[in-house]
Amino acid sequence: MNAHPSNPQSAIRNPQLLVGALLLALLPPPAGAQQPDSLPKDSATLAPVVVTGVRLPSVRELARGLAGRTAALSATDLDARGVRSLADALEQLPGVTTSDELGATGQLDVSLRGFNVSPVIGLPQGVTVYVDGVRANEPGAHEVNFDLLPLEDVERVEVVYGPSVLLGRNALGAAVNLVTRRGASPPSRELEASAGSFGRYELKAHAGARHGVWDYYLGARYEREDGWRDDTQSRIATLFAKAGLLNHTWDATLSYSGADNKIFQAGSLPETELAQNPRANFTRGDFFAPRAHLAVLNAQRLVGRGAQLAVNAFGRTMNSEQFNANFVSADSRQRTAARQAGGALQLSGKLGLAGRALRWLAGADAAYQRTAVRIFAVPPTGPDSLTESVRTNEVDLGAFAGANWEIARSLTATVAARYDWIRLPFEDLVDPSQSGLNIFQRVSPRVGLTWTGLPGHEVYASVSRGFRSPAVVELACSDPSSTCPLPFALGPDPALRPVVATNYELGWHFRGPGGLGGLDASATAYWTAVRDDIFFIASSVTGGYFQNIGATRRAGAEAALEWTSRAGLRLYANYGFTDATFRTTALLATTRDPAGETVAPGDALPMVPSHRVNAGIALPVVRERGARPSVRVAFDARYVGRQWLRGDEANATRRLADYGVADAAATVTWRSLELRCMVRNVLDRRYENFGTYAENPTRPGNPVERWLTPGLPRHLTVSLSTDF
């Protein structure tokens, strides 16, 4: 925001320009230009397709039996809870837990079935996130920066549990696909302003429409917050635009999403200081400042009889600065520049085999990723000094195919496979002798059966395998005899093996007819054996290394129940049980003991609660009638079980306490106006949602202590929106 007159400012960074562009889009077109929407009569054959479980649009029926357990969150679901990030959204699902290692509400960690997806470099990332079919995990460490995702402009969030063969590589626990909105008829225009606790305010707007064969959508968001902890202000500015074509030949969209953010981070606190002042910031000045741009082209058309071609192309840039204030060594600054481009091609269709339908798809994808990382030491006085400068030009190639066949009445078999080839060079620009090259390749299969013999019921079983190649940061920091100071000192360390996960899953889903008032129930049991898991082992407060662990396992069960009455009453509850354990003996470094610690089979992985419960109710209190507005209230609660702290992989000390948090909301709607009041943590419950062990350099002898991150206290948000 502190613009220098000589520096050109993008519309994202300058809110006045952003608002001006939105006002132009929000203004209705001149009366003389208005025409009734029309589409060619045969355009229905290319109507937008909703499919869960595949990366690009395809024939609808192919998704059945392909993905096992899936979940979808609509824009209405996200808006009702007032979610601020993808992490907030996923927390509604069974078996999903969030934690706050960085001390920034927009940068939470997510644990799903014991696998991580997080903005934290160093966590083993086992969940892949896509935006309209484009992988959003960063190339450097496979992390996901949730603040860069256009969550305000999504139509739905699709979650495919287990290794995802057709969505793409590196998905061990799940794959998440954000499907963005496009213009429709009738036109929609909305303005929203919000204000709340801790100096937070937010402005949002979107507009979309369809005129003939063309459609458009434009959305923007600008948010400022002082933060509830000391020196944790943040600024988030996003812009999204999409143009679409839908005629008798093509269904195509071209979209752009951009973000320009700056988020200050508080991190964890020593337990002794947390008890005195949970608002304290132990390392004032830590911040993350990214600027990203993404352009995506998606198109599909019918080719031949019953076949459909889908294509995808993208280009992305991301420049970021991460500043870390350190007590025991010099401060550091990391600058990252990433350039990515690629695409995918997919052909799908249906044919007859032995008198029954065989639905199939096949395709290929490719991506080029150029990433440069520079790390600087920041002395108290004087200029920054370059300590590391590395670069990688990664090439990813993949091919996939899948088919399902109705082998008997109500019984469908599914077979799918994916081949990946990854070339990951490492170039040290400071010391060229330290450069190296890694190549990974693997075939990932999936087979499954789906039975739909009873009305509304579906039973499925599947076996699938996925793998995750090591990230460049992991490969370059894997020598236990030469640990990496944080953020990282990168070099040609011993090669890491790719992570391989084999998942067995059995599930049931029931969707009742409308006469039962909209009953939806599901239950799933899974067993995921993981070979060569990669962990970051912290050997000191500022250093560590990555290493393979012979075997780990995630096993558990999930159940969900939702009922919606015709009068609008909604009740829901879901439960997730997760047993994430080491399955091999290993000696790990830990800050708790200079000699290290030995983990044994059965020891639980840290920061994975065994039990997780969500429940809630939403009910209409007053219905809108004439001049009388409608009133709707909602209550949500979540329970998170105890968790072992990171750095206590041997389960030798005290666990993080379990906790429960409740939220409340009230919405008043009158004509085109909507007023919403939300209170998070309505009971003002004090709890901690992340913990680790580290030295406390402010106390004599630098003792090793528990470091915990406090959860958000009670806070209020009031928003007013209007549609026109």
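Values in this document were obtained by computation on a predicted structure and should not be read as measured data.

Conventions adopted
Residues numbered from 1 in each chain as written. Predicted model: local features only at pLDDT ≥ 70, side-chain atom pairs only at ≥ 80, totals over all residues. Heavy atoms only, no water. Helix = DSSP H or I, 4+ residues; strand = E, 2+ residues; numbered from the N terminus. Buried < 20%, exposed > 50% of the residue type's maximum accessible area, 1.4 Å probe, protein only. Contact = heavy atoms within 4.5 Å. Areas by Shrake-Rupley, 256 points an atom, 1.4 Å probe, with all protein chains shown as cover. Pairing = 2+ DSSP bridges. Axes fitted to C-alpha atoms, helices over the stretch in contact; angles between N-to-C directions. Polar contact = N/O pair within 3.5 Å; in protein donor to acceptor, adjacent residues only side chain to side chain. pLDDT = per-residue confidence, 0-100. Salt bridge = Lys/Arg side-chain N within 4 Å of Asp/Glu carboxyl O.

Enquirer: Please explain the overall build of the protein as it appears in this structure.
Expert: Across its full length, the protein carries five helices and 37 strands. Considering the protein as a whole, with its 724 residues, one finds that 54% of them fall into the buried category. In the protein, the proportion of contacts linking residues at least 24 apart, taken out of those at least 6 apart, comes to 64%. Carbon and sulfur atoms make up 59% of the accessible area of the protein, which amounts to about 29200 Å² in all.

Enquirer: Where do I start with the environment of Val-459 in this structure?
Expert: Along the polypeptide, Val-459 turns up in strand 23 (residues 457-468). When its relative accessible area of 29% is taken as the criterion, Val-459 is described as partly exposed. Considered as a pair, Val-459 and Ser-522 are 63 residues apart in the sequence and their alpha carbons are 9.7 Å apart.

Enquirer: How do you make sense of unusual backbone geometry when you look at a structure like this?
Expert: Note: most residues except glycine have negative phi, and most peptide bonds are trans. A cis geometry characterises the amide bond from Ser-185 onward to Pro-186, with omega recorded as 5°. Position of Pro-186 relative to the elements: it lies in the loop between strand 8 (174-180) and strand 9 (188-196). At Asp-532, a residue that is not glycine, the phi angle is positive and equals roughly 65°. Here Asp-532 lies in strand 26 (residues 519-538).

Enquirer: Hey, could you run me through the sheet that holds strand 3 (residues 109-112) in this one?
Expert: Strand pairing within a sheet occurs via backbone hydrogen bonds; the two strands may be parallel or antiparallel. Strand order in the open sheet formed by three strands is 2-3-4, with antiparallel pairing between adjacent strands. The strands lining the two open edges of the sheet, one partner per strand, are strand 2 (96-99) and strand 4 (115-117). Averaged over all pairs of adjacent strands, the angle between strand axes in this sheet comes to 25°, irrespective of strand direction. In this structure, strand 3 lies alongside strand 4, joined through three bridges in antiparallel fashion. Residue pairing in the sheet places Val-110 in a bridge with Val-117 of strand 4.

Enquirer: For this particular structure, what's the right way to read the side chain of Thr-709?
Expert: Residue position: Thr-709 is located in strand 36 (residues 704-710). A distance of 2.9 Å separates a polar side-chain atom of Thr-709 from the backbone oxygen of Asp-100. A distance of 2.8 Å separates the side chain of Thr-709 from the side chain of Ser-268, its partner in a polar contact. Ignoring sequence-local partners within four residues, the contact set of Thr-709 consists of Asp-100, Glu-101, Gly-103, Arg-229, Gly-267, Ser-268, Tyr-687, Glu-688, Asn-689 and Phe-690.

Enquirer: For this particular structure, what's the right way to read the pairing of strand 37 (residues 715-723)?
Expert: When a strand is regular, its side chains alternate between the sheet's two faces. Pairing of strand 9 with strand 37, which is carried by seven bridges, proceeds in the antiparallel orientation. Across the sheet, Ala-195 pairs through a bridge with Val-718, a residue of strand 37. When strand 34 (residues 673-680) meets strand 37, the two strands line up antiparallel, connected through eight bridges. Considered in strand 37, the bridge of Leu-675 is made with Leu-720.

Enquirer: Which parts of the structure should I look at to understand the confidence of the model for the protein?
Expert: One rule of thumb: low pLDDT means the predicted coordinates there are not for detailed reading. Residues at a pLDDT of 70 or more form 87% of the protein, whose mean pLDDT is 85. Predicted confidence for residues 59-65 stays below pLDDT 50, and this span has 23 contacts to residues more than four positions away or in other chains.

Enquirer: Would you take a moment to explain the pattern of salt bridges for this structure?
Expert: Opposite charge on two side chains lets them pair, provided their charged atoms get close. Taken as a whole and assessed by the stated rule, the structure comprises 46 salt bridges. The shortest N-O distance in the salt bridge between Glu-192 and Lys-204 comes to 3.6 Å. Remark: Lys-204 occurs in strand 10 (residues 200-211) and Glu-192 occurs in strand 9; sequence separation between them is twelve residues. An identical accessibility class is assigned to Glu-192 and Lys-204; each is buried. Look at the salt bridges and you will find they share partners, linking Arg-84, Arg-200, Glu-202, Arg-221, Glu-223 and Glu-225 into a network.

Enquirer: What am I meant to see in the sheet that holds strand 7 (residues 154-161) here?
Expert: Within the open sheet, the five strands sit side by side as 1-7-8-5-6. Their pairing is mixed. The two strands at the open ends of the sheet, each matched to only one other strand, are strand 1 (70-74) and strand 6 (134-135). Here strand 1 runs beside strand 7; their pairing, made up of five bridges, is antiparallel. Looking at the pairing, Ala-72 lines up with Glu-158 of strand 7.

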